[in-house]
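Chain by chain, the residues run as shown.
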Amino acid sequence: LEGRELNYFALSYGKVETETTLCTLYRARASLIEYMENDDNGRGGQQAICVELTGNRFLRRMVRKLVGTAIREVLLAFDEGYEAGKGDVTKYNGRIIDVIESQIRRQSAIAAPPDGLIFVDAEYNDG
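By convention here, each chain's residues receive numbers from 1 onward along its written sequence. For a predicted model such as this one, the threshold for reporting local features is a pLDDT of at least 70, and the threshold for listing and counting side-chain atom pairs is 80 or more; totals across whole chains, interfaces and linings nevertheless cover every residue. Working from all heavy atoms in the structure, the side-chain values ignore hydrogens and water.

The next subject is the overall build of the chain. Scanning the chain from N- to C-terminus turns up three helices and three strands. Here a strand is any run of E in DSSP of at least two residues, a helix any run of H or I of at least four, and the numbering for each starts at the N terminus. Seen in sequence order, the chain has helices and strands lined up from the N terminus as β-β-β-α-α-α. Scored against the burial criterion, the 127 residues of the chain give a buried share of 23%. Look at the contacts in the chain between residues 6 or more apart in sequence, and 60% of them connect residues 24 or more apart. A 1.4 Å probe and the Shrake-Rupley method give the accessible areas. Residues count as covered only by the protein chains that appear here. Of the roughly 9,400 Å² of accessible surface on the chain, a fraction of 49% belongs to carbon and sulfur atoms. For the exposure calls, accessible area comes from a 1.4 Å probe over protein chains only, and a residue counts as buried if that area is under 20% of its type's maximum, exposed if over 50%, partly exposed in between. Residue contacts follow a heavy-atom distance rule, with two residues in contact if any of their heavy atoms lie within 4.5 Å.

Here Thr 21 lies in the loop between strand S1 (5-7) and strand S2 (22-34). Classification of Thr 21 by relative accessible area gives buried; the value is 10%. Among the polar contacts listed, one links the side chain of Thr 21 to the side chain of Asn 7, at a separation of 2.4 Å. Once residues within four sequence positions are removed from consideration, Thr 21 is found in contact with Leu 6, Asn 7, Tyr 8, Phe 9, Val 16, Arg 57 and Leu 59. In protein, a polar contact requires one atom able to donate a hydrogen and another able to accept it; more generally it is a pair of N or O atoms within 3.5 Å, and residues adjacent in sequence count only if both atoms are side-chain atoms.

Salt bridges are counted wherever a side-chain nitrogen of Lys or Arg sits within 4 Å of a carboxyl oxygen of Asp or Glu. Tallying each qualifying case throughout the model produces five salt bridges. Salt bridges here are not isolated pairs; linked through shared partners, they connect Arg 72, Glu 73 and Arg 95.

Moving on: the nonpolar core. When a protein is soluble and globular, its nonpolar side chains tend to lie buried together. Residues Leu 6, Tyr 8, Leu 11, Cys 23, Leu 25, Leu 59, Met 62, Leu 66, Ile 96, Val 99 and Ile 100 constitute the largest nonpolar core, which totals eleven residues. Sort the elements by how many residues they give to this core and helix H3 (residues 95-102) lands first, with three residues. The contact partners of Ile 100, leaving out residues within four places of it in the chain, are Leu 1, Leu 6, Asn 7, Tyr 8, Ala 10 and Leu 11. Nonpolar core, defined: a set of buried Ala, Val, Leu, Ile, Met, Phe, Trp, Tyr and Cys residues in which side-chain atoms within 4.5 Å join the residues together.

Moving on: the pairing of S2. In the sheet, S1 pairs with S2 via three bridges, with the strands oriented antiparallel. Bridged to Asn 7 within S2 is Leu 22. DSSP bridges decide pairing: two strands pair if at least two such bridges lie between them. Alignment of S2 against strand S3 (residues 47-55), held across nine bridges, turns out to be antiparallel. Looking at the pairing, Arg 29 lines up with Glu 52 of S3.

Below, the discussion takes up the confidence of the model for the chain. Fine structural detail should not be taken from predicted coordinates in areas where pLDDT scores are low. The predictor attaches a confidence to each residue, and that confidence, scored 0 to 100, is pLDDT. This prediction gives the chain a mean pLDDT of 84; 86% of its residues lie at or above 70. By mean pLDDT, helix H2 (residues 90-93) is the weakest element of the chain at 63, and S1 is the strongest at 95.

In structure tokens:
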């Protein structure tokens, strides 16, 4: 996804009111983080998926649909026998791009819920 201008209509709300649905993601990363330390009884240690996206623009619901689709594709890969850190992952890497390039909204997963979604920053360039 990174560095490629793609038509993200398949990950949009559908009622697009902009001239174009072309977007470029400059950074697309996901990691598993621990956001609570264990308490004295060894409970806690809650984990979350941290998704970092940097792009030139985003469509309405694009981020939530992208996250939902990425999670679906990872779960499908594990269902098909993929083990993290083992084997060839190249056949799984293109699935999200296939969904995007299809430009068919029903190919994408449902939008990830907004709970826990945190907007961090926006930067705008003049001109």
